[in-house]
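Understanding the architecture of this molecule
Chain by chain, the residues run as shown.
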Amino acid sequence: MKQRIGVYICHCGGNISDYVDVEELGKMFHQEENVVVSKDVMFACADSNQKDMVADIQANKLDAIVVCSCSPKLHLHTFKNVAARAGLNPSNYVQVNIREQCSWPHSDRPREATVKAAGLIRAGINRVSYSESLENIELTVKKSALVIGAGVSGMKAAIDLARSGNEVFLIEKDFFVGGRIAQKQTLFPTNQNGKEVVTFLYNEMKKFPNITIFTGATVEKVSGSLGNFSVDIKVKPRYIKPSADKRSVERAMGECPVTIHDDFNLGLVERKAIYKNYPEALPDVPVVDAEALKDAHDFTSKFASTLNLNEEAQTLSLIAGSVLVTTGYDHYQPKEGEYGYKTISNVVTLPELNRLMEMNPEKLVYKGKQIKSLAFIYCVGSRQTKGDNKYCSRQCCTSTIHTSLQLKEKYKDIQTYHLYRDIRTYGKQELMYAESSKQGDLYFKYEEKEMPVVSVDGKSTIVKVKDYLTAKKEMEIEADLVVLVTGMVAREDATTISELFKIPIGRDKFFNEIHPKLKPVETVIKGVYIGGTCQGPKNVSESVQSSLAGASKITALLKSGTVSVDPIIASVDANKCTWCGKCSDVCDFTAIKEVLFGEKHVAGVNKAVCTGCGICAPVCPENVIEIAQYTDNEIESMIDGFMMDFDIKEKGTGEVVEVEEEGKVGMKEYPLVWREILAGMTAEKNTIPEIVANTKLAGELVTFHLMTMNRYGVVVPAGMDAKETYYYYKRK
Amino acid sequence: MSRVNPKFATELSKYGSSDFNACFNCGNCTATCSLSTADSSFPREMIRYTTLGLEDDIKASLKPWECYYCGECSSECPRQAEPGELMMSLRRYLTAQYDWTGLSGLLYKSLPLSITAFILTFVGVIVFAFSVGFELEKMIHFGHLFEGIAIGTIGLVILMPNIARMWYFTILKPKTKVPFMKYLKSMGELFIHMFTQKRALGCDDNQFRWFEHFILVIGYLSLLFTTVALNWFGTSSLFVIVLGYVMSAIVFVVTIDFVSSRIKKDKAVSKHSQPSDIFFVVWLFFMGFTAFLVRLFIDLDLLEMNKWLYIFHLTVLVQWALIIVPFGKWTHFLYRSFAMYFAKLKEK
Ligand SMILES: Cc1cc2nc3c(=O)[nH]c(=O)nc-3n(C[C@H](O)[C@H](O)[C@H](O)COP(=O)(O)OP(=O)(O)OC[C@H]3O[C@@H](n4cnc5c(N)ncnc54)[C@H](O)[C@@H]3O)c2cc1C
Ligand code: SF4
Ligand code: SF4
Ligand code: SF4
Ligand code: SF4
Ligand code: SF4
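Keep in mind that this is a model prediction, so the values were computed, not measured.

Moving on to the pairing of strand E12 (residues 228-235) of chain A. Regular strands have side chains that alternate between both faces of the sheet. All names here are of chain A. Pairing between strand E11 (residues 217-225) and E12: eight bridges, direction antiparallel. Within E12, the residue paired with Val 222 across the bridge is Val 231. In this structure, the hairpin formed by E11 and E12 is closed by a connection of two residues, where Gly 227 is found at a positive phi of approximately 95 degrees.

Dropping the structure here:
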């Protein structure tokens, strides 16, 4: 129990003291036992006051302090630091919020505001008197990072991490690195070739002996925590003998008799069952689809010295101090029939068009027909007010416009039509939009409620659109190819990664950071970061920016070999724990494991993993779990403090004065809306829907005003209607 | 339902404007235009029709004639799409559409063709002069006769049918129902606009140009009247002679300012001058100036020199009457006034 407590009550200029009688409170708490200092101060956070506090603490040998001011969100750390400067453990500090919780919301009732503040302050004093000195938890960490996903985000991050001296494991699910950018021939805004960027980054990675790349690899199991994640990965076989020489592998590739679906080219063509995504794909070893070749006995026996169809997958265990997830995105796949996709022969998606353009260097040909005009329909699978994907995919406007510029440059005589909802070529990308208009690309604006319709008219494909730029006229556009500008969605297997690492995912299924501004690449799991498009739609620059931010975070974290984490975590009284396992079941972060305490099996909390969420404490049947700074003693004493009676005098008069009776607050004239509402109360008592019907005012408006009118005693509630759905109101 | 036709843009650019594709429909131009109203808003709408190639809508529209090319919209356009110039080009395009002979279109689109026409008419005049042995008297007599006949024929054969076509495109084809009485009642509109161009006054900062234009129209019409009806070159009435001097002087003095601004390109209207615009002002200047000199030489009795001067004057006159009036920019004088009249008819 703390015996020498200091209490500071802040005026906040007048923000607090205009309504809460802080001087009176200051005097009142001076009489409390254990309170040595109790003062009202003009600005608690002012430098001068902070200095005074330090002096007070030292002069009076205070063992705990309470500052009653604004929200802890604003100044918790300010005053914790004051405590620390005065040589007090920062955990012996409690902040009481009498501004957001008393003066501001109860400005109409100063006395009640003061009473409430008194209760909160007493609760704070009680809490601080039970506070314990806590030290941050120091953890040793391993200087190695696991990067999951070798797209542009993952590769860039791996290079940076390696350059800073970390050991890096880069795990790629596909057999070749590069991710999505390998599928695009020219990338905006630099017009670089996506594959060349991939090759460059791969060669760069090869320069670092401390990067180990695993392709065809997935994460299978994760345990451990910040500083020491232990991760099992499965590496799928390529079915090519390590001893096989390059020429024989190439021969096998050339002679392979079986073809399979070409994922890399989005199914536009087929590929051999021994393949590389594209000739220069890296690592430079092809992959065999063993399943597809299982009946091609002649072929496989001919190449028996090259192929090993019995090769098994390998499982490896890695230890990593920290994890960066860069698993990227999937293309939104239109449903069959969505704008004629798969039902009308010349409807494709933007990624498909990008592949087509690369496959057709001279003339743009699709299904044997030369394409001279294309209609792009924007926002397909994005910005759905009714559907799941509410977000804007952010890069597709620019991608499309850039593709349109490329089309013209590459194939010259081509006309494009753009059916958009809004053009979002933010920043410098705007220039591409201007260029596109100037080259004669035609833009049409449609609204989600009146979507374009793709139909076939004899030999031609027609897109009909209600054009909001031409007074909503119905326009007919004839196009050789209709291109659906599909957005980005979370990877199908994002949920697997999310479950393995406990990274929360949002309703949009992308991984969630802690805070978009303040902690943009951090996840709630300590030591696990996210970067690139697995977090949400981004273009390449933005993807790389975020993954590099993650990489720097990791470097900073691992640099010293130890990390210090907040001490607010759970602790188990091992003497009393009976290891029922209930706490372990409810812990979302798998922080509780069975451990041995002498001979006894008890619950052990992993300090590095526990987030102090508190879920375990109430489920413990023995009540032996405590959360630091939120112990039972602290919480119960706070409740006691708040429940105590106070005798607060109204300012100036020296005696207790009742606040004005309701209804006495005379309004000379009611606002117009009030009068309208009163006029709309035609029956003796009315429900809100009735008043809404009578007045034609918006429902929210009526509800809002009725509440105020009730407070001013103009109307009173008069029971509920028969179905118990609405309250009745009547005039008073 | 309208079918989008991107090829139209290429066709229209032959009439001058080529930047309109840059438009991204922000509407700044319409907001800036001091003549655009809620009921008749432009120029954005016309740009939209043009980029999409909605020919029927363009032909049915009177809006291009409602613009007096102050150029405000072009200077405010964030994409430098030159909306004012587009309106101008649309006027040229419409002129070509209204013309049943199709010659307007050909001459607008091809400078060589225009020059050929000018040369041919010149050759014609020389041949004629040769046939009358370069006798001044006979030439002046013929010139006077030619003027009268040309005005009648061109009016009847070319201009009237063209106005009828304009009426067909803008009123009849879009199925606007106009009661007969309205035609009569709105007549006033036609003449007011024809002689005063009062609408141009609505343009901000445009008062002086309007005034110049107004004086020019009055001067030109009076000069026409003096030469054709009062036979200026043949008369001995002092009043008519002085009137002719004054009117021809007005025409060439005002046109000097117009020509110089076309050369200096200092006003928005003159930035993108097409040959047809240059021909129009330059020939107007020549008309006034040569008429003035011809009469002066008569009065000074410099007959030998006057022969050549008159041949020059006659050439200008013939080119004016056979090329510029029926197929060139002169017609905007008619179409603008009729557009205001038709717009009045279309009003609900
Ligand atoms: C049609 C289109 C055109 C575009 N054009 C451009 C452009 O021109 N310029 C531009 O700046 N941006 C463009 N973008 C955006 C660009 O594609 C992305 O910003 C970029 O690809 C994101 O890279 P990434 O590394 O985050 O993700 P990805 O490229 O998706 O890479 C993720 C990698 O992680 C791997 N992976 C996924 N899950 C796992 C797992 N569980 N375990 C192991 N590995 C896994 C994947 O196989 C992949 O290799 C375009 C996007 C689209 C849709
Ligand atoms: S401590 Fe908080 S309440 Fe007090 S002055 Fe500072 S901001 Fe205002
Ligand atoms: S970037 Fe453009 S096309 Fe993509 S979702 Fe956003 S608005 Fe739609
Ligand atoms: S406080 Fe939360 S994270 Fe910590 S052990 Fe309990 S349930 Fe798990
Ligand atoms: S101001 Fe320019 S860009 Fe905007 S609508 Fe007018 S012409 Fe188009
Ligand atoms: S040039 Fe002047 S009158 Fe013509 S559309 Fe532009 S702003 Fe209007």
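Residue and element names in this part refer to chain A. Judged from the six bridges that link them, strand E34 (residues 592-597) and strand E35 (residues 600-605) form a sheet pairing that is antiparallel. Within E35, the position partnered with Val 595 by the bridge is Val 602. Where E34 folds back on E35, the antiparallel hairpin that results is connected by two residues, among which Gly 598 adopts a positive phi of roughly 65 degrees.

Our focus in this paragraph is the site of ligand 1. Residue and element names in this part refer to chain A. Taken together, 36 residues lie near ligand 1, and Glu 172, Arg 180, Lys 184, Phe 188 and Thr 533 sit nearest. Lys 173 places a polar main-chain atom, nitrogen or oxygen, 3.1 Å from a nitrogen atom of ligand 1. Residue Ser 543 places a side-chain N or O atom 3.2 Å away from an oxygen atom belonging to ligand 1. Elements represented by at least two residues in the shell around ligand 1 include exactly helix H6 (152-163), strand E7 (167-172), strand E8 (186-187), strand E19 (329-331), helix H10 (350-359) and helix H14 (540-559). Broken down by class, the residue content of the shell around ligand 1 amounts to 13 nonpolar, 16 polar and seven charged. Both of domain 2 (144-236 + 318-328 + 499-559) and domain 4 (331-489) provide at least three residues apiece to the shell around ligand 1.

What follows concerns the domain arrangement of chain B. Residue and element names in this part refer to chain B. Domain parsing of chain B yields domain 1 (8-98) and domain 2 (110-346). If you average the C-alpha positions of domain 1 and of domain 2, the two centres end up 26 Å apart. Counting residues at the interface gives 27 residues for domain 1 and 33 residues for domain 2. When the buried surface of domain 1 facing domain 2 is broken down by residue, Leu 62, Tyr 68 and Tyr 98 rank first, second and third, together holding 32% of it. At the junction of domain 1 with domain 2, the criterion picks out two salt bridges.

Let us now look at the site of ligand 4. In the neighbourhood of ligand 4, 13 residues make up the surrounding shell, with A:Cys587, A:Cys610, A:Cys613, A:Gly614 and A:Cys616 lying closest. Residues that form the shell around ligand 4 fall into these classes: 10 nonpolar, three polar and no charged.

Quick look at the packing of H10(A) against helix H11 (residues 396-411) of chain A now. Packed helix pairs are specified by the crossing angle of their axes together with the interaxial distance, meaning the distance between the axes. Residue and element names in this part refer to chain A. Where H10 meets H11, the axes come as close as 11 Å, and the angle between the chain directions of the two elements is 25 degrees. By the angle between their directions, the pair H10 and H11 is classed as roughly parallel. The crossing of H10 and H11 is left-handed. Judged by residue contacts, Leu 350, Leu 353, Asn 354, Met 357 and Glu 358 of H10 engage Ser 399, Thr 400, Thr 403, Gln 406, Leu 407, Lys 410 and Tyr 411 from H11. Residue classes in the contact of H10 with H11 are distributed as five nonpolar, five polar and two charged.

A few words on a nonpolar patch on the surface. All names here are of chain B. Residues Leu 111, Ile 115, Ile 119, Phe 122, Val 123, Ile 126 and Val 127 make up a contiguous nonpolar surface patch of roughly 570 Å² in combined accessible area. By secondary structure assignment, the location of Val 127 is in helix H9 (residues 111-131). The class of Val 127 is exposed, set by a relative accessible area of 51%.

Calculation criteria
- Residues numbered from 1 in each chain as written.
- Chains lettered and ligands numbered in written order.
- Predicted model: local features only at pLDDT ≥ 70, side-chain atom pairs only at ≥ 80, totals over all residues.
- Heavy atoms only, no water.
- Pairing = 2+ DSSP bridges.
- Helix = DSSP H or I, 4+ residues; strand = E, 2+ residues; numbered from the N terminus.
- Near = heavy atom within 4 Å.
- Polar contact = N/O pair within 3.5 Å; in protein donor to acceptor, adjacent residues only side chain to side chain.
- Nonpolar A, V, L, I, M, F, W, Y, C, P; charged D, E, K, R; others polar.
- Domains from an automatic or database assignment.
- Contact = heavy atoms within 4.5 Å.
- Buried area = accessible area lost by both parts, 1.4 Å probe.
- Salt bridge = Lys/Arg side-chain N within 4 Å of Asp/Glu carboxyl O.
- Axes fitted to C-alpha atoms, helices over the stretch in contact; angles between N-to-C directions.
- Parallel < 35°, antiparallel > 145°, perpendicular 65-115°, else oblique.
- Left-handed = near helix turned anticlockwise from the far one by under 90°.
- Patch = residues over 30% accessible without salt bridge, like charges linked within 9 Å, V, L, I, M, F, W, Y side chains within 5 Å.
- Areas by Shrake-Rupley, 256 points an atom, 1.4 Å probe, with all protein chains shown as cover.
- Buried < 20%, exposed > 50% of the residue type's maximum accessible area, 1.4 Å probe, protein only.

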